[in-house]
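Listed here are the chains, written in short residue letters.
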Amino acid sequence: MKKVGIIGVGKCLPKKVLTNADLAKMVDTSDEWIITRTGIKERRLVAKNEATSDLAAGAAKMALENACLEPVDIDLIIVATVTPDMSFPSAACFLQNSIGAKNAVCFDVSAACAGFVYAISIAQQFITSGAYKNALVVGAEVLSGVTDWKDRNTCVLFGDGAGAVVLSEVKSGGILSIYLGSDGSKADLLKISAGGSRHPASHETVDNRLHYIKMQGNELFKIAVTTMSHAAQTVLKNAGLECKDVDLVIPHQANLRIIMTMAKKLGLSMEKVYLNIERYGNMSSASTAVALCEAVNEGRVKRGDIILLDTFGAGLVWGACVIKW
Ligand code: COA
């Protein structure tokens, strides 16, 4: 069977920084509460004229350069996002046009914070089957547009950004195992109620603030820890590995306390866990994508290392992936 691996990484973060101190001027919160409860110090926000595909394009260009490929070499583009530029066309089509990847087949994947791993899984299968050769997979979000800036329960958590990878056939290493899961019975715990076919946009939905993220954070916290720990154990077992074999874990960056509790449960030292939540908050599908790029660029990932991506989000959905770099 063909081995599929990551041959290039990229990221794009908007310039504007929103600190906890800035947030304390907007809602009843404090820098101390946000840091202690979440681990977040600041997050990035797009400018007025910036959309998801713009961030995706920045990350994609960097990943292509890193992979030494031209846009025309890409034959598949998958953008994982819950905040596309518009309902349709897909963010992937806008991205294709802005980078000139005219030979690519393009579509979006909606799997919230697990979207990047879901998209990697799809791309891997297209490459393994021989349908496509070089896939561009992007996790990109503009969560600031669906954040209720009057709700202190959620507005301190989210940020905007994009991360990208190029996937292709590799001679050695590559993706060893992927494990995905979903549980639609808990969909109510994290959602944006309006703007779809259930509650189309109306004056009423806008007045009731139904176009913003609503979350039952406390309940999700416990499920996130259990699910991400289980996903890590399962995907490693499927790859014939154990936690002690992992060189670096790149978890979804929703809450530092979730990550620390999960690491403890798995018997993992925090030195083996990559963190950037402090600087960006939760960027949904972009979180693990940006973290992977930064870990590589900082020299935290070396050839032959075993890397574990571990994600969890709205759906509920989860996805973990083991890669030999
Ligand atoms: N500033 C100050 N106080 C805040 C606050 C804020 N920004 N947000 C909430 N509070 C208050 C609450 O109103 C509550 O007050 P009360 O006790 O008087 O009712 C108190 O802090 C505790 O709230 P709680 O929701 O229990 O806090 P928590 O410790 O669970 O932390 C989250 C809240 C959201 C940070 C945490 O639950 C979390 O990260 N959840 C998981 C998120 C997740 O996994 N998402 C899915 C993946 S994307």
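None of the values given here were measured: they were computed from a predicted structure. (Residues numbered from 1 in each chain as written. Predicted model: local features only at pLDDT ≥ 70, side-chain atom pairs only at ≥ 80, totals over all residues. Heavy atoms only, no water.)

Draft legend 1. Structural detail: empty space enclosed by the protein. Within the structure shown, the criterion is met by 1 cavity of 30 Å³ or more. There is about 40 Å³ of room inside the largest cavity. Ala 224, Met 228, His 252, Ala 254, Asn 255, Ile 258, Ile 259 and Phe 312 together form the lining of the largest cavity. Where the lining of the largest cavity is concerned, the elements lending two or more residues are helix H8 (217-238) and helix H9 (256-266). By residue class, the composition of the lining of the largest cavity is 6 nonpolar, 2 polar and no charged. (1 Å grid on protein atoms, 1.4 Å probe; cavity = no way out; pocket = protein on both sides within 12 Å on 5 of 7 lines; lining within 4 Å. Points joined across faces, edges and corners; volume = space filled by probe spheres on them. Helix = DSSP H or I, 4+ residues; strand = E, 2+ residues; numbered from the N terminus. Nonpolar A, V, L, I, M, F, W, Y, C, P; charged D, E, K, R; others polar.)

Draft legend 2. A look at the layout of surface pockets. When its volume is computed, the second largest pocket comes out at roughly 290 Å³. Taken together, 16 residues line the second largest pocket, and the ones lying closest to its centre are Ile 6, Ile 7, Val 170, Arg 303 and Trp 325. Elements with a minimum of two residues in the lining of the second largest pocket: strand S1 (4-12) and strand S13 (317-324). For the lining of the second largest pocket, the element with the highest residue contribution is S1, accounting for 5 residues. Here the lining of the second largest pocket is composed, by residue class, of 7 nonpolar, 6 polar and 3 charged.

Draft legend 3. Fine view of the pattern of salt bridges. Following the criterion strictly, the structure yields 9 salt bridges and no others. The salt bridge involving Glu 294 is made with Lys 11; its shortest N-O contact spans 2.8 Å. Here Glu 294, found in helix H11 (residues 285-297), pairs with Lys 11, found in strand S1; they are 283 residues apart in sequence, far enough to count as distant. Residue classification places Lys 11 among the partly exposed residues on the basis of a relative accessible area of 26%. Note that Lys 41 is salt-bridged to Glu 278, the shortest N-O span being 3.9 Å. In this pair, Lys 41 sits in the loop between helix H2 (31-38) and strand S3 (42-45) while Glu 278 sits in helix H10 (residues 277-280), placing the two residues 237 residues apart along the sequence. Counted as one network, the salt bridges with shared partners bring together Lys 11, Arg 279 and Glu 294. (Salt bridge = Lys/Arg side-chain N within 4 Å of Asp/Glu carboxyl O. Buried < 20%, exposed > 50% of the residue type's maximum accessible area, 1.4 Å probe, protein only.)

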